[in-house]
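Structural description and commentary
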Amino acid sequence: MDSLGTKLKQRYQKFLDDVVPFMVPRWLFVLGILFYFAYRIFSLEGWYISCYALAIFHLNLFIAFLSPKIDPSFELAESMDEDEGPSLPTSNSEEFRPFIRRLPEFKFWEQTVISTLIAIFTTFFDFFNVPVFWPILVMYFFILFFLTMKRQIKHMIKFKYLPFSHGKTKYKGKPEVRT
């Protein structure tokens, strides 16, 4: 039994390793299963709690994807505790700090797929079909989304980081001179 679990883990890891370079098809697959999930929700007219839980989880993943791994507000708080205040870089190695995500894109994709498949799985059982007034859930989700994104955008502006590479200035080095 132990070797079966090991083999399944190895096959799963091999699959993950094989799909890493195919970013666009991976996200198209996510859109496909999300559309299938939405189709099931609308056609069955139920399972709104599963849909709401999935939306909240995806929002949490998205915020982690947008956030830096090392939060500058924590560094600022630590430096203030030491009564030093924020300081300028003292060497060339400290000046360049690339944006490193708290949740890398591949893990974001993987967790999105797994959570969506679990949500689809819940639509096959009436136990998860809790009767709720869905417009309130939709309204609450949008309020939560806008408040959370507002806070995240303010954080990005305050600490001057942009989590996307599109639109950033790209610097070129000196041209090589061949002699």
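Read on for a plain summary of the structure.

Criteria and thresholds
Residues numbered from 1 in each chain as written. Predicted model: local features only at pLDDT ≥ 70, side-chain atom pairs only at ≥ 80, totals over all residues. Heavy atoms only, no water. Helix = DSSP H or I, 4+ residues; strand = E, 2+ residues; numbered from the N terminus. Expected span 1.5 Å × (residues − 1). Buried < 20%, exposed > 50% of the residue type's maximum accessible area, 1.4 Å probe, protein only. Phe/Tyr/Trp six-rings, centres within 6.5 Å; stacked < 30°, edge-to-face > 60°. Lys NZ or Arg CZ within 6 Å of the ring centre and 35° of its normal. Axes fitted to C-alpha atoms, helices over the stretch in contact; angles between N-to-C directions. Parallel < 35°, antiparallel > 145°, perpendicular 65-115°, else oblique. Left-handed = near helix turned anticlockwise from the far one by under 90°. Contact = heavy atoms within 4.5 Å. Nonpolar A, V, L, I, M, F, W, Y, C, P; charged D, E, K, R; others polar. Salt bridge = Lys/Arg side-chain N within 4 Å of Asp/Glu carboxyl O. Patch = residues over 30% accessible without salt bridge, like charges linked within 9 Å, V, L, I, M, F, W, Y side chains within 5 Å. Areas by Shrake-Rupley, 256 points an atom, 1.4 Å probe, with all protein chains shown as cover.

1. Here's the deal with helix 7 (residues 134-158)
Over its 25 residues, helix 7 extends 36 Å from the first C-alpha to the last, a length consistent with the 36 Å expected when each residue adds 1.5 Å. Taken as a whole, helix 7 has its buried residues at Leu137, Phe141, Thr148, Met149, Gln152, His155 and Met156. Just beyond helix 7, the residue with positive phi is Lys160, at close to 55 degrees.

2. Here's the deal with the packing of aromatic side chains
For the structure on display, the rule yields twelve aromatic pairs. When the ring of Trp27 is compared with that of Phe108, the centres are 5.2 Å apart and the planes differ by 50 degrees; the resulting orientation is tilted. Here Trp27, found in helix 2 (residues 23-44), pairs with Phe108, found in helix 6 (residues 105-122); they are 81 residues apart in sequence, far enough to count as distant. Pairing Phe142 with Phe146 gives two aromatic rings, centres 6.3 Å apart and planes at 25 degrees, and the pair type is stacked. Remark: Phe146 and Phe142 occur in helix 7; sequence separation between them is four residues, near one turn of the helix. In textbook terms, an aromatic cluster arises when at least three aromatic residues are bridged by ring pairs, as seen for Trp27, Phe62, Phe65 and Phe108. When the ring centre of Trp109 is taken as reference, the NZ or CZ atom of Arg26 above it lies at 5.3 Å. Stacked on the ring of Phe124, the Lys or Arg Arg40 has its end atom at 4.0 Å from the ring centre.

3. Some details on the packing of helix 1 (residues 2-19) against helix 6
Orientation of helix 1 relative to helix 6, taken along the N-to-C sense of each, is 125 degrees, at an axis distance of 12 Å. On the basis of their axis angle, the class for helix 1 and helix 6 is oblique. The handedness of the crossing between helix 1 and helix 6 is right-handed. Only Phe106, Trp109, Glu110 and Ile114 of helix 6 make contact with helix 1, whose side of the interface consists of Tyr12, Leu16 and Val19. Tallied by class, the residues present in the contact of helix 1 with helix 6 amount to six nonpolar, no polar and one charged.

4. Digging into the pattern of salt bridges
Per the stated rule, a full pass over the model turns up three salt bridges. Ionic pairing is found between Glu105 and Arg26, a salt bridge with its closest N-O pair at 3.2 Å. Remark: Arg26 occurs in helix 2 and Glu105 occurs in helix 6; sequence separation between them is 79 residues. Exposure class is identical for Glu105 and Arg26. Each is buried. For the salt bridge of Lys107 with Glu110, the shortest nitrogen-to-oxygen distance reads 3.4 Å. A residue pair is termed a helical-turn pair when its members lie 3 or 4 positions apart in one helix, as Lys107 and Glu110 do in helix 6 at three residues. The exposure class of Glu110 is buried, given its relative accessible area of 9%.

5. Observations concerning a nonpolar patch on the surface
A cluster of nonpolar side chains, namely Tyr36, Tyr39, Phe121, Phe124, Phe125, Phe127 and Phe128, defines an oily patch on the protein surface of about 830 Å² accessible area. With respect to the helices and strands, the residue Phe124 is situated in the loop between helix 6 and helix 7.

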